[in-house]
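Here is how the chains run, residue by residue.
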Amino acid sequence: MKKLIATGFVLSTLLGTTPQISTLTTTSNLKTNNINNSQKLNLTPADFEYIKKYFSSKTEQEKQELKENLLSAISLKNDVVVFDKLKLNQKIWDLKIYQIITSYEYLKTLNWYYKNKILTFDEQGKAHFNFPLIQNVKGNVWLESYWYWFGYCRLHLDSSAIEAFIDHSAEATEIAQQIAEIPGLDIAAVAVAGIMTGYSFTLKSYDYGNGAWFAFYMPVIFIPLGFGSN
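Keep in mind it's a predicted model, so treat the numbers as computed, not measured. Within any chain, residue numbers begin from 1 and follow the written order of that chain's sequence. For this predicted model, a pLDDT threshold of at least 70 governs which residues receive local features, and a threshold of 80 or more governs which side-chain atom pairs are given and counted, while totals over whole chains, interfaces and linings are taken from all residues. Side-chain metrics rest on all non-hydrogen atoms present in the structure, leaving aside hydrogens and water.

Caption draft 1: Here's a closer look at the overall build of the protein. For the purposes of this entry, the term helix denotes a DSSP run of H or I that reaches at least four residues, the term strand denotes a run of E that reaches at least two, and both are numbered from the N terminus. Broken down by element type, the protein carries 10 helices and 9 strands. Note on exposure labels: buried denotes an accessible area under 20% of the residue type's maximum, exposed denotes more than 50%, and partly exposed covers the range between, all computed with a 1.4 Å probe on protein chains only. Split into buried and exposed, the 230 residues of the protein put 48% on the buried side. Note on contacts: a residue pair is in contact if any heavy atoms of the two residues lie within 4.5 Å. Across the protein, every contact between residues at least 6 apart in sequence was considered, and the portion connecting residues at least 24 apart equals 64%. We get accessible surface area from the Shrake-Rupley algorithm with a probe of 1.4 Å; when it comes to residues, only the shown protein chains can shield them. Split by element, the accessible area of the protein, about 11300 Å² in all, is 53% carbon and sulfur.

Given below as structure tokens:
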């Protein structure tokens, strides 16, 4: 793993300060009727920001109701995740959010979660999401994943971690290795190293003493959707 991470640093240096887009292909073999049951939708950073604001405006009781209704529409058939939008209570869903969760892209997200054991099913066939709200990776790096499970995450780094990636130090290699050990990111070790190195100066520009973060969409690509200060 260390050799793989180190290779990522070498590649990112050769490619300059702009890392390449790393596409993580969803290998799920979705059935035709499952695909046709979902509309196509190209998710953007603005969509994720809309989702964030929407759920932030809800009470805990409302969030729980939405969560349970969402899970009720998710099931497993022949080892493939299927989504029955007829089980959704349209009265409690915002139209834009409804369009997102019934899209083909979200269905791919669910299947990616299932393959990576982030989405599981109990003996009764009920769906469960299995990643925490906050996952500490190291004292100076941590991952934030929002409760609504749309694949939108933020990776936070403190000032010392950002400096380590700018300097290409040995500590940066160790941090990147630990990030790559997060479930779902283990298949993107080289991309992690490249992103950290290539965008280190951008992260530095958002660091006002407490570090900075970048947002990304975990199941499809590992490239920043936005930056911000801790």
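Once you've had a look at it, read on.
Caption draft 2: Looking closely at the packing of helix 7 (residues 159-167) against helix 8 (residues 170-180). Across the interface, helix 7 lies against helix 8 with an axial gap of 7 Å and an inter-helix angle of 115°. Relative to helix 8, the element helix 7 lies roughly perpendicular. For the pair helix 7 and helix 8, the crossing hand works out as left-handed. Side by side, helix 7 and helix 8 meet where Ala161, Ala164 and Phe165 of the first sit next to Glu171, Ala172, Ile175 and Ala176 of the second. Note on geometry: axes are lines fitted to C-alpha atoms, helical ones only across the stretch in contact, with angles between N-to-C directions running from 0 to 180 degrees. If an angle is under 35 degrees, it is roughly parallel; if it is over 145, roughly antiparallel; if it lies from 65 to 115, roughly perpendicular; otherwise it is oblique. Take the far helix as the reference: if the near one is turned anticlockwise from it by less than a right angle, the crossing is left-handed, and if turned clockwise, right-handed.

Caption draft 3: Representation of the pairing of strand 2 (residues 80-83) in the model. The side-chain alternation of strand 2 yields two buried faces, one formed by Val80 and Val82 and the other by Val81 and Phe83. When strand 1 (residues 74-77) meets strand 2, the two strands line up antiparallel, connected through 4 bridges. Residue pairing in the sheet places lysine 77 in a bridge with valine 80 of strand 2. Taking the residues between adjacent antiparallel strands as the criterion, strand 1 and strand 2 are bridged by 2 residues, where asparagine 78 takes a positive phi near 55°. A pair of strands counts as paired when DSSP detects no fewer than two bridges linking them.

Caption draft 4: Expanded view of the nonpolar core. Only buried residues count toward a nonpolar core. Its members are Ala, Val, Leu, Ile, Met, Phe, Trp, Tyr and Cys residues joined through side-chain atoms within 4.5 Å. In terms of nonpolar packing, the biggest core is built from 32 residues, with Leu70, Ile74, Phe83, Trp93, Leu110, Leu119 and Phe129 touching the most fellow members. The element that contributes the greatest number of residues to this core is helix 6 (residues 104-115), accounting for 6 residues. Excluding anything up to four places from it in sequence, tryptophan 93 contacts Tyr54, Phe55, Leu66, Asn69, Leu70, Leu88, Tyr98 and Ile101. Membership of the second largest hydrophobic core comes to 21 residues, among which are Ala172, Ile179, Ile195 and Phe214.

Caption draft 5: Expanded view of the pattern of salt bridges. For salt bridges, the criterion is a side-chain nitrogen of Lys or Arg within 4 Å of an Asp or Glu carboxyl oxygen. This model, assessed by the stated rule, comprises 4 salt bridges. Two residues, lysine 63 and glutamate 60, come together in a salt bridge whose shortest N-O distance is 3.4 Å. Pair noted here: lysine 63 and glutamate 60 are both in helix 4 (residues 60-72), with a separation of 3 residues, about one helical turn. For lysine 63, a relative accessible area of 15% translates into the label buried. The partner of lysine 126 in a salt bridge is glutamate 68, with the nearest N and O atoms 3.4 Å apart. Taken together, the positions of lysine 126 in the loop between strand 3 (119-121) and strand 4 (127-129) and glutamate 68 in helix 4 put the pair 58 residues apart, joining distant regions of the chain. Here lysine 126 falls in the partly exposed class, since its relative accessible area comes to 38%. Under the relative-accessibility criterion, glutamate 68 is labelled partly exposed at 31%.

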